[in-house]
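Residue-level listing of the chains:
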Amino acid sequence: MNLFQSKTWKNLKATPTIRTERVPVAKKPAPLPSKAASTKATQDQRPTASSSRAASATARSRPATPSSDDHGSSQPRPNKRKASRQRSPAQPHFDDDDDDEDVSAKGPAATLYKRQKTGRKVDSKRRIRSDEAFSEADAGVFEMIHAADIASVNKRSKLAVSITTEKVTVELQYPSNSQRERYDLACGNDTINSFEEILEIAKIVADVYLTEEQKHAFCDPDSGLIRQLQKANNFLSSIKYTMNKVLLDGFKKAVENYNSAIEGLLEEGALATNLDAMHHLPLRMVHFILQQVYDRAVSPKVELLKHYENGSDNIYGELKPRFISEALAEAGLKSDQVFVDLGSGVGNVVLQAALEFGCESWGCEMMENASKLADAQEKEFTARCRLWGIERGPVRLERGNFLQNAAIIEAITKADVILVNNEVFSQELNQNLIQLFLDLKDGCKIISLKKFGAGGDEVSFRHANDPENVLVYTELPYYSGSVSWTGVGGRYYIAKKDGKRLEGL
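Within any chain, residue numbers begin from 1 and follow the written order of that chain's sequence. Per-residue local features of the predicted model are confined to residues with pLDDT of at least 70, and side-chain atom pairs are confined, for both listing and counting, to 80 or more; whole-chain, interface and lining totals are unaffected and use all residues. Working from all heavy atoms in the structure, the side-chain values ignore hydrogens and water.

1. Quick notes on the overall build of the protein chain
Okay, so step 1: A run of DSSP states H or I qualifies as a helix once it reaches four residues; a run of E qualifies as a strand once it reaches two. Both are numbered from the N-terminal end. Helix and strand content of the protein chain: 13 helices and nine strands.
Okay, so step 2: Relative to its 505 residues, the protein chain shows a buried fraction of 45%.
Okay, so step 3: Any two residues whose heavy atoms approach within 4.5 Å are treated as being in contact. Contacts in the protein chain between residues far apart in sequence, at least 24 positions, make up 76% of those at least 6 positions apart.
Okay, so step 4: Split by element, the accessible area of the protein chain, about 27700 Å² in all, is 51% carbon and sulfur. Under the scheme applied here, a residue whose accessible area is under 20% of the maximum for its type counts as buried, over 50% as exposed, and between as partly exposed, the area being computed with a 1.4 Å probe on protein chains only. In this description, accessible areas are obtained by the Shrake-Rupley approach with a 1.4 Å probe, and a residue is regarded as covered only by the protein chains that are shown.

Right, here's the structure in full:
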């Protein structure tokens, strides 16, 4: 049978032969010695398949004993979101993440506050240390709101019911001769986190108040005081171990060791000496102190700020602390100058200017509820500055219409920097402000969210009587997170009073 039917063997075509040729490929140039070393180091660190399997087998056979750093797990896990209070639109968040400051990532004190690195000129006239805070006045005892005072017993952990109040209370010594602050270690997440706040205070003190030599006892990665607090906090932050009496005692012991070290430095006079050599405070420390004040004086009553007349000039909105730091520095505010905030709300900016720049700081607010909270903040602010041993500028808060308040009108005439959050001000109110600004001294700077009129770089004879002609505007950007009413950036203005512009017209 012919399997190929009509085809014969000689009709079949031979299978074609494919010829391959090797083409020489140009060799890559040899890497530089430094890169070759880097590549080799990376390869050496990369685990092999066998080593990975061996490590996995070892991990499976190892008992799951908790460690102080990973809360009982040797495997990496995603960071859990902490439960926190829902902030109202009026409640500020005093940022603790500033680009102007370097943060060390070494050892247990991974967020130690590094000293401020900004383009701002040093104000050599600024005095940091408070004489009263380092004296024996009033035996160091004064009225203040302790963290334990605002902790709700009803919100305590169920595991803490059998533990007495004495067992869940700890006292912390601040870097001054002032009284200690009481903390409740059994409070819930909706109040001040005592463990985290105490740890943050220790980190700030170590970085801002101590020399490099003095820091060793606090920052040693193995046995430092901050390490002791961090380890105790790591254990207690686990739900499983919360309110365990032994662990609570361990945290309290770490706090007592810290207190003893601070008291020793106070007796030596080291903290006072170190503060005398300083002329500025790191921004993160400023924001932390302001947050302490707000959490104690405003947060418990923040609902009061929701009562305002919609569509009026009295709508409440806040400028965030980071933006205020930048704007006031841009305006050149110094410790020997006067600052005025027109429409000061609960007084956040007034207090920040007094603390960060050490200047005389004024504010005026006409909303009753905001004014009451501002008074409460000023009182707690005074106590907090004394606790920290910090000298702040004089603070004066006025109530009423800033166009009519006699004390504010007088303060404006000597002001060096004025802030007006006129984002929602009516055209009529902005025009009235311009008339008020005619009494400003030359060189005074006004920070605002909008111009007060049409403005213009040129002054013509035709508009020589326009009061806005005495203002020279500089337009600047602000970025996302700078204001409470929107998450996007925008523009703000610094207007300088220059009466000489009208000369010759």
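2. A word on the nonpolar core
Okay, so step 1: If you look at the biggest cluster of nonpolar residues, it comprises 64 residues, and the most contacted ones within it are Y209 and W388.
Okay, so step 2: Examining the composition of this core, we find that ten residues originate from one element, helix 3 (residues 194-209), more than from any other. By convention a nonpolar core is built from buried Ala, Val, Leu, Ile, Met, Phe, Trp, Tyr and Cys residues, the set being connected through side-chain atoms within 4.5 Å.

3. Comments concerning helix 12 (residues 406-413)
Okay, so step 1: All buried positions along helix 12 are accounted for by A407, I408, A411 and I412. The buried side chains of helix 12 occupy one side of the element, clustering within an arc of 135° when seen end-on. Facing away from the buried surface of helix 12 by more than 90 degrees, the exposed residues are A406 and E410.
Okay, so step 2: Tucked into the core, helix 12 has its buried residues touching strand 3 (338-342), strand 4 (360-365), strand 5 (395-399), strand 6 (417-420) and helix 13 (427-437). Note that the arc is defined by the directions from the helix axis to the C-beta atoms.

4. Remarks on the side chain of Q173
Okay, so step 1: Mapped onto the elements of the fold, Q173 is located in the loop between strand 1 (169-172) and strand 2 (181-184).
Okay, so step 2: In this structure Q173 comes out as buried when scored by relative accessible area, which is 6%.
Okay, so step 3: Polar contacts, as counted here, are pairs of nitrogen or oxygen atoms within 3.5 Å of one another; within protein the pair requires one atom able to donate a hydrogen and one able to accept it, and residues that are adjacent in sequence qualify only if both atoms are side-chain atoms. Looking at Q173, its side chain comes within polar contact range of the main-chain oxygen of S176, at 2.9 Å.
Okay, so step 4: Filtering out sequence-adjacent residues up to four positions away, Q173 remains in contact with S178, R180, Y258, N259, I262, E263 and L266.

5. Thoughts on the sheet that holds strand 8 (residues 471-478)
By definition, the strands of a sheet pair up through backbone hydrogen bonds, in either a parallel or an antiparallel sense.
Okay, so step 1: In short, DSSP must find at least two bridges between two strands for them to pair. The strand order across the open sheet formed by seven strands is 5-4-3-6-7-9-8, and the pairing between neighbours is mixed. Bordering the open sheet on either side are strand 5 and strand 8, each of which pairs with just one other strand. In this sheet, adjacent strand axes meet at a mean angle of 20° when their direction is disregarded.
Okay, so step 2: Direction of pairing for strand 3 relative to strand 6: parallel, over a ladder of four bridges. Across the sheet, the residue bridging to V340 is I418, located in strand 6.
Okay, so step 3: Simply put, an axis is a line fit to the C-alpha atoms, just over the touching stretch for a helix, and the angle between two N-to-C directions goes from 0 to 180 degrees. Set on the sheet, helix 9 (residues 321-330) makes contact with strand 3, strand 6, strand 7 (445-448), strand 8 and strand 9 (490-497); between it and strand 9 the angle comes to about 30°.
Okay, so step 4: Against the sheet, helix 13 touches strand 3, strand 6, strand 7 and strand 9, its axis set at about 170° to strand 6.

6. Focus: empty space enclosed by the protein
Okay, so step 1: Only protein atoms enter the 1 Å grid, on which a cavity is a set of points fitting a 1.4 Å probe that cannot get out and a pocket is an open set with protein on both sides within 12 Å along at least 5 of 7 lines, lining residues being those with an atom within 4 Å of a point. Grid points are joined across faces, edges and corners, and a volume is the space filled by probe spheres set on the points. Applying the stated criterion across every chain yields a total of one cavity of 30 Å³ or more.
Okay, so step 2: Every residue lining the largest cavity is listed: S344, G345, E365, S371, A374, D375, L397, E398 and R399.
Okay, so step 3: Elements supplying a minimum of two residues to the lining of the largest cavity: helix 11 (368-388) and strand 5.
Okay, so step 4: Following the grouping adopted for this structure description, the nonpolar residues are Ala, Val, Leu, Ile, Met, Phe, Trp, Tyr, Cys and Pro, the charged ones are Asp, Glu, Lys and Arg, and the polar ones are all others, Gly among them. Here the lining of the largest cavity is built from residues that sort into two nonpolar, three polar and four charged.

7. Details of the packing of aromatic side chains
Okay, so step 1: Two rings from Phe, Tyr or Trp (for Trp, the six-membered ring) form a pair when their centres sit within 6.5 Å of each other. Planes less than 30 degrees apart are called stacked, planes more than 60 degrees apart edge-to-face, and all others tilted. This structure, assessed with the given rule, holds ten aromatic pairs.
Okay, so step 2: On the numbers, 4.9 Å between centres and 80° between planes, the contact of F195 with F251 is edge-to-face. With F195 in helix 3 and F251 in helix 6 (residues 245-268), the pair connects residues that are 56 residues apart, well separated along the chain.
Okay, so step 3: A relative accessible area of 1% places F251 in the buried class.
Okay, so step 4: Measuring from ring centre to ring centre gives 5.6 Å for F323 and Y478, while their planes differ by 55°; the resulting arrangement is tilted. Linking F323 in helix 9 with Y478 in strand 8, this pair joins segments that are 155 residues apart in sequence.
Okay, so step 5: Among the aromatic side chains, those forming a connected cluster through ring pairs are Y174, Y209, F288 and W388.
Okay, so step 6: If you follow K451 out to its NZ or CZ, it ends over the ring of Y473, 5.1 Å from the centre. Ring-over charges, as used throughout, are those where CZ of Arg or NZ of Lys falls within 6 Å of the ring centre and within 35 degrees of the ring normal.

8. As for the pairing of strand 5
Moving residue by residue along a regular strand, the side chains alternate between the two faces of the sheet.
Okay, so step 1: For strand 4 and strand 5, the ladder comprises five bridges, and the chain directions are parallel. Within strand 5, the position partnered with G363 by the bridge is L397.
Okay, so step 2: Chirality of the crossover, the property in question, places the unit of strand 4, helix 11 and strand 5 among those that are right-handed. Here is how to tell: hold the view so the strands point away, follow the path from the first strand over the helix to the second, and if it runs clockwise the crossover is right-handed.

9. Remarks on the environment of Q377
Okay, so step 1: Its location among the elements puts Q377 in helix 11.
Okay, so step 2: Residues Q377 and V293 lie 84 residues apart in sequence; the distance between their C-alpha atoms is 6.3 Å.
Okay, so step 3: Excluding anything up to four places from it in sequence, Q377 contacts V293, Y294, A297, V298, V346, G347, N348 and L351.
Okay, so step 4: Only 2.8 Å separates the side chain of Q377 from the backbone oxygen of V346, close enough to count as a polar contact.

10. Some words on the packing of helix 8 (residues 283-297) against helix 11
Okay, so step 1: Following both chains from N to C, one finds helix 8 and helix 11 inclined at 130°, their axes separated by 9 Å at the closest point. Judged on the interaxial angle alone, helix 11 and helix 8 are oblique. Pair helix 8 / helix 11 crosses with right-handed handedness. Residues M285, F288, I289, L290, Q292, V293, Y294, R296 and A297 of helix 8 lie in contact with helix 11, whose contacting residues are L373, A376, Q377, E380, F381, R384 and W388. If an angle is under 35 degrees, it is roughly parallel; if it is over 145, roughly antiparallel; if it lies from 65 to 115, roughly perpendicular; otherwise it is oblique. Here is the rule for handedness: rotate from the far helix to the near one, and if that takes an anticlockwise turn smaller than a right angle the crossing is left-handed, while a clockwise turn gives right-handed.

11. Considerations on the side chain of N421
Okay, so step 1: Within the secondary structure layout, N421 lies in the loop between strand 6 and helix 13.
Okay, so step 2: Overall, the relative accessible area of 16% leaves N421 in the buried class.
Okay, so step 3: If we skip the residues at most four places from it in the chain, N421 touches G317, L319, L342, L449 and W485.

12. Concerning the pattern of salt bridges
Okay, so step 1: Any Lys or Arg side-chain nitrogen found within 4 Å of a carboxyl oxygen on Asp or Glu counts as a salt bridge. Scanning all chains against the criterion turns up 23 salt bridges.
Okay, so step 2: For the salt bridge of R322 with E326, the shortest nitrogen-to-oxygen distance reads 3.2 Å. Pair noted here: R322 and E326 are both in helix 9, with a separation of four residues, about one helical turn.
Okay, so step 3: Across the pair K414 and E360 runs a salt bridge whose closest N-O atoms are separated by 3.4 Å. Here K414, found in the loop between helix 12 and strand 6, pairs with E360, found in strand 4; they are 54 residues apart in sequence, far enough to count as distant.
Okay, so step 4: The exposure class of K414 is partly exposed, given its relative accessible area of 37%.
Okay, so step 5: Look at the salt bridges and you will find they share partners, linking E181, E197, R296, E380 and R384 into a network.

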